[in-house]
Amino acid sequence: MKWSDLALAHVFAAADRIRPLVRRTPLVPSDALADACGARSVHLKLESLQNTGAFKVRGASNRILTLTDDERARGVITFSTGNHGKAVAFVAGQTGIPAVVCVSKHVPDYRVATIRRLGAEVVVKGASQDEAEVEYARLVEERNLVPVVPFDDPYIIAGQATVGLEMLADRPELDLLLVPLSGGGLLAGVALAAKLINPAIRVVGVSISQSPAMLESLKAGKPVAVPEKDTLADSLLGGIGVTNEFTLPLVAHFADDHVEIDESEIERALYFAMKQHSLVIEGAAAVGIAALQTGKVNAAGKSVGIVLSGSSIELAQYIGVIRKFVEANGEA
Ligand SMILES: *Cc1c(COP(=O)(O)O)cnc(C)c1O
């Protein structure tokens, strides 16, 4: 399959296939955010409440449920900054398929523990996601495992696209979507689904300035590696893969615009979600809120949908951020 062969039919097929393993998450209004940025309305898609705590279970289920009997028997393998690994471990556990997950040593211990608990074997190796990928490639050969990649795969993209399908089913009037962007599986899928349903919708990718791998790659017209730095949005770290075939061209084709968010802006958005909505989300999930709060995306008069992509955040780090704002504002 080529990137341009992906169609709405693949997204509807994915939605049917993954239903038993995936929650239909709520799409809730944020009047506070709408007032703050002059939007007609703002709705938050709570993938933070998704099974395993992130939307990644959608793509992982769509890929694993389309494996052949022979592939199921061999077992699957992936590398991941965390949420994709968790999703693969969950789906493999639910469907009785053996799974190996390779992670870099940047991935927090609590995430590694969770992946093990879900039933996968975890291999910790390398200082970056790219180095974890080298170990993964070695194990694919040595143990004849079936790769389930985090984003650059049409089944993964069609699975993530079901986020967009649900948003438009619930709120057909949405005309601006803000989507966190790292490897681009989520943005490619949501933008594809949204644009094929309603070509007038604008879809904006939200990257972190700490590691804007997709943005650099779009500028260069080919995959570009960027250095990894510590960030609150660790789920957005990592390159787009040197052999990228799907997400780079899909994002180039379907995304209308891009913005970058920095660390202090992520912190403020995390605090907003807690204070206004009692929502615990992770840094990566907060970037869409930050795009509105900072005015980097002009939402005046728009019906905005924001994907809050996950909730896997280390408790001490999270509490540290919230405490800082509470103390600065003098709240009890
Ligand atoms: C993976 C992930 C993203 C980014 O998705 P891509 O498909 O890599 O662009 C955003 N937020 C969370 C919580 C994630 O786990």
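The present account deals with the structure reproduced in this document. Note that the coordinates shown come from a computational prediction; the quantities given were computed from them, not determined experimentally.

Within helix 11 (residues 247-254), burial applies to Thr247, Leu248, Leu250, Val251 and Phe254. The buried residues of helix 11 occupy an angular sector of 165° when the element is viewed end-on, so they sit on one face. In this structure, the buried residues of helix 11 make contact with helix 8 (154-170), helix 9 (185-197), helix 10 (213-220) and strand 9 (257-261).

With that settled, the discussion passes to the sheet that holds strand 2 (residues 41-46). If you walk across this open sheet you meet the six strands as 1-2-10-7-8-9, and the pairing is mixed. The open sheet has two edge strands with one neighbour each: strand 1 (27-29) and strand 9. Each neighbouring strand pair of the sheet contributes to a mean axis angle of 25°, computed without reference to strand direction.

Inspection of the entire model under this criterion finds 16 salt bridges. Between Glu135 and Arg138 there is a salt bridge, with the nearest N and O atoms lying 3.1 Å from each other. Within this pair, Glu135 and its partner Arg138 are both found in helix 7 (residues 129-143), separated by three residues, close to a single helical turn. For Arg138, a relative accessible area of 41% translates into the label partly exposed. Notably, a salt bridge pairs Glu267 with Lys324, separated by 2.5 Å at the nearest N-O pair. Of this pair, Glu267 sits in helix 12 (residues 263-277) while Lys324 sits in helix 14 (residues 315-329), and the two are 57 residues apart along the sequence. Classification of Lys324 as partly exposed rests on a relative accessible area of 47%.

This brings us to helix 6 (residues 109-118). Within the span of helix 6, buried status applies to Arg111, Val112, Thr114 and Ile115. Projected onto a plane normal to the axis of helix 6, the buried residues spread over an arc of 160° and lie on a single side. Exposed side of helix 6, more than 90 degrees from the buried face: Asp109 and Arg117 are the residues found there. Packed against the buried residues of helix 6 are helix 5 (83-95), strand 4 (99-103) and strand 5 (121-124). Where helix 6 ends, the next residue or the one after it, Gly119, has phi of about 115°, a positive value.

Further remarks concern empty space enclosed by the protein. Applying the stated criterion across every chain, the model contains one cavity of 30 Å³ or more. Contributing to the lining of the largest cavity are 29 residues, with Phe55, Lys56, Ser182, Gly183 and Ser235 lying nearest its centre. Looking at the lining of the largest cavity, the elements with two or more residues in it are helix 5 and helix 9. Considering every element that reaches the lining of the largest cavity, the biggest residue donor is helix 9, with three residues. Among the residues forming the lining of the largest cavity, the class breakdown is 12 nonpolar, 15 polar and two charged.

Calculation criteria
- Residues numbered from 1 in each chain as written.
- Predicted model: local features only at pLDDT ≥ 70, side-chain atom pairs only at ≥ 80, totals over all residues.
- Heavy atoms only, no water.
- Buried < 20%, exposed > 50% of the residue type's maximum accessible area, 1.4 Å probe, protein only.
- Helix = DSSP H or I, 4+ residues; strand = E, 2+ residues; numbered from the N terminus.
- Arc of directions from axis to C-beta.
- Contact = heavy atoms within 4.5 Å.
- Pairing = 2+ DSSP bridges.
- Axes fitted to C-alpha atoms, helices over the stretch in contact; angles between N-to-C directions.
- Salt bridge = Lys/Arg side-chain N within 4 Å of Asp/Glu carboxyl O.
- 1 Å grid on protein atoms, 1.4 Å probe; cavity = no way out; pocket = protein on both sides within 12 Å on 5 of 7 lines; lining within 4 Å.
- Points joined across faces, edges and corners; volume = space filled by probe spheres on them.
- Nonpolar A, V, L, I, M, F, W, Y, C, P; charged D, E, K, R; others polar.

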